[in-house]
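What follows is each chain in one-letter form.
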Amino acid sequence: MTYDFQIVGSLSDINKAQWNAFCPQDNPFLEYDFLNTLERSQCVGSIESGWVPQHIVIQDQKEVVGFFPLYEKYDSYGEYIFDWGWAHAARSAGIEYYPKLVSAIPFTPVTGTRVLCAPEHKAAVTEALRGFLLQHMTTKNYSSAHILFCTQEEQTLWANEQFMPRMSHQFHWKNKPWATYSDFLKDLRSPARKQIRKEREFVYSKCDKIIMKTGEEIDAKEWSCIQELYLQTIGEKGAIPYLTRSFFKIIKDIFAHRIACSFAYLHGKVIAGALFYYTDNRLFGRYWGSFYDVPFLHFELCYHKPIEWCIEKGIKHFEAGAQGIHKLKRGLQATNCYSAHYIVHSALAEGVNRFIEHEKSLLEKNLKQLNKHGPFKQQK
């Protein structure tokens, strides 16, 4: 097949039904409404935001056969596959590292497919898309292209003598499945089980109620708390508030069927909360915050309660966000994440490749140790 590629600067110029027809059912962040809300609320879309949409429409004889979410990037914020060292090395050598091209979900380090097309066409489409991107980078003077948090299958398709495969890790939870939360606890090693019970008992003694709510169950006051907690936590960490107030308003109105929150209450008021997105089979943790300093409350709202909820709902997979070795003792396990990278400048590419190889060796040793000390009696 011969594919044609068209770059589109806004999702509003793409048909929603066509986009969603190629979107996987287990990843809410690839759905049209989520990505388009980021653009509508001006979280992305300008050079100042660092993310300028350059989405690719893939056609075969003028028939749309897929899409590729893509952004022109002017920094490395909000990606969570860290290449700041590469940018510094480039700058030291007098090489312009920005702008670059990135295929990822802005501000959202979740795993999943990046090339949206029929599965039987994935290999052919990716090969043609790779060739188009290489030519496009040369024409427009981009320094590099980065496919972040893709599937292992896609990494293999991208990686050849040009795109370099890179591995990282997060902590994910996978359902056995367990019939009850008690069954889950029984499978944990004794120290982890005791620690979780201790944490939950303490938190429940300090709160009147802790609950998970979805979609329309979340009232206006509770949703307002989620917005304020997000801004408060960002401020406390000295981080960048990527999400605008407009984002929170729009996403609740049009994406409620994908939203879940855990809340802790005291005297009838929300004192802490965490925001999640979900599908029938997957739960994704995003942001959390607390108006009061209660020990272990973070673990309850971000791990214990969501895992309990996943077991009740039969959800198979829970991604709790980037980093955090403390998650290991709370039932999550080290899981490989994949990306692929192309650097135009040959000398810089050679240096980056050496770094990736060294990093891979260290990561493999680290993962081996993490799995050795995993939370379960026998690793599942």
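One can find the structure itself at the top, above this paragraph.
So, a few notes on the structure that sits alongside this text. All of these numbers come straight from a predicted model, not from anything done at the bench.

**Observations regarding the pairing of strand β15 (residues 333–343)**
The element β15 is largely enclosed, with a buried count of ten among its eleven residues. Both strand β8 (residues 144–150) and β15 contribute to a ladder of five bridges, which runs antiparallel. Within the sheet, the bridge partner assigned to Ser-144 lies in β15 and is Ile-343. Across nine bridges, the pairing between strand β9 (residues 164–174) and β15 is antiparallel. Residue pairing for β15: Gln-170 is matched across the bridge by Thr-335.

**Some thoughts on the state of the cysteines**
One pass over the full model with this rule turns up zero disulfides. Unpaired in this structure, Cys-207 has its nearest cysteine sulfur neighbour in Cys-302, at a distance of 13 Å. Cys-207 gets classed as buried once you look at its relative accessible area, which sits at 7%. With no disulfide of its own, Cys-310 lies 13 Å from the sulfur of Cys-302, the closest cysteine sulfur. Residue classification places Cys-310 among the buried positions, given a relative accessible area of 0%.

**Concerning unusual backbone geometry**
In this model, Tyr-98 is joined to Pro-99 through a cis peptide bond whose omega is 5°. Note that Pro-99 resides in the loop between α3 (84–92) and β6 (100–103). Non-glycine residue Gln-42 carries a positive phi angle of around 65°. Examined against the element boundaries, Gln-42 turns out to sit in the loop between α2 (32–40) and β2 (51–53).

**Comments concerning a nonpolar patch on the surface**
On the surface, Tyr-77, Phe-82, Trp-84 and Ile-240 cluster together into a nonpolar patch covering about 390 Å² of accessible area. Following the sequence through the fold, Phe-82 ends up in the loop between β5 (71–73) and α3. Judged by relative accessible area, which is 44%, Phe-82 ranks as partly exposed.

**Here we look at the sheet that holds strand β10 (residues 209–214)**
Taken in spatial order, the eleven strands make up an open sheet running β2-β5-β6-β8-β15-β9-β14-β13-β12-β11-β10, and their pairing is mixed. The sheet terminates laterally at β2 and β10, the two strands that pair on one side only. Averaged over all pairs of adjacent strands, the angle between their axes in this sheet comes to 30°, without regard to strand direction. Bridge count between β9 and strand β14 (residues 317–319): three bridges; the pairing is antiparallel. Within β14, the position partnered with Trp-173 by the bridge is Phe-318.

**Observations regarding the nonpolar core**
By size, the foremost hydrophobic cluster in this structure holds 67 residues, and its most contacted members are Ile-56, Phe-68, Trp-158, Trp-173, Phe-184 and Leu-297. Ranked by the residues each element gives to this core, the list is headed by helix α10 (residues 297–313), at nine residues. In this view, Trp-158 contacts Phe-68, Val-115, Thr-126, Leu-129, Arg-130, Leu-133, Ile-147, Phe-163 and Ala-340; residues no more than four positions away in its chain are not counted. Counting residues in each nonpolar core, the second largest holds 49 residues, with Leu-148, Ile-218, Tyr-277 and Cys-337 among its members.

**What to know about helix α7 (residues 190–206)**
Between its first and last C-alpha, α7 extends 25 Å over 17 residues, near the 24 Å set by a 1.5 Å rise per residue. Buried residues in α7 make contact with α6 (181–186), β10 and α10.

**Observations regarding the side chain of Ser-290**
By the secondary structure assignment, Ser-290 is in strand β13 (residues 282–290). Here Tyr-292 takes part through its backbone oxygen, which lies 2.3 Å from a polar atom of the side chain of Ser-290. When near neighbours in sequence (up to four residues on either side) are disregarded, Ser-290 contacts Leu-229, Gln-232, Ile-271, Ala-272 and Leu-297.

**Observations regarding the packing of α7 against α10**
The interhelical angle for the contact between α7 and α10, taken along N-to-C directions, is 110°, at an axis separation of 10 Å. Judged on the interaxial angle alone, α10 and α7 are roughly perpendicular. Like other packed secondary-structure pairs, α7 and α10 cross with a definite hand, here left-handed. Between α7 and α10, the contacting residues are Ile-196, Glu-199, Arg-200, Val-203 and Tyr-204 on the first element and Leu-297, Phe-299, Glu-300, His-304, Lys-305 and Glu-308 on the second. Across the contact of α7 with α10, the residue classes tally to five nonpolar, one polar and five charged.

Procedures and definitions
Residues numbered from 1 in each chain as written. Predicted model: local features only at pLDDT ≥ 70, side-chain atom pairs only at ≥ 80, totals over all residues. Heavy atoms only, no water. Buried < 20%, exposed > 50% of the residue type's maximum accessible area, 1.4 Å probe, protein only. Helix = DSSP H or I, 4+ residues; strand = E, 2+ residues; numbered from the N terminus. Pairing = 2+ DSSP bridges. Disulfide = S-S within 2.5 Å. Patch = residues over 30% accessible without salt bridge, like charges linked within 9 Å, V, L, I, M, F, W, Y side chains within 5 Å. Areas by Shrake-Rupley, 256 points an atom, 1.4 Å probe, with all protein chains shown as cover. Salt bridge = Lys/Arg side-chain N within 4 Å of Asp/Glu carboxyl O. Axes fitted to C-alpha atoms, helices over the stretch in contact; angles between N-to-C directions. Core = buried A, V, L, I, M, F, W, Y, C linked by side-chain atoms within 4.5 Å. Contact = heavy atoms within 4.5 Å. Expected span 1.5 Å × (residues − 1). Polar contact = N/O pair within 3.5 Å; in protein donor to acceptor, adjacent residues only side chain to side chain. Parallel < 35°, antiparallel > 145°, perpendicular 65-115°, else oblique. Left-handed = near helix turned anticlockwise from the far one by under 90°. Nonpolar A, V, L, I, M, F, W, Y, C, P; charged D, E, K, R; others polar.

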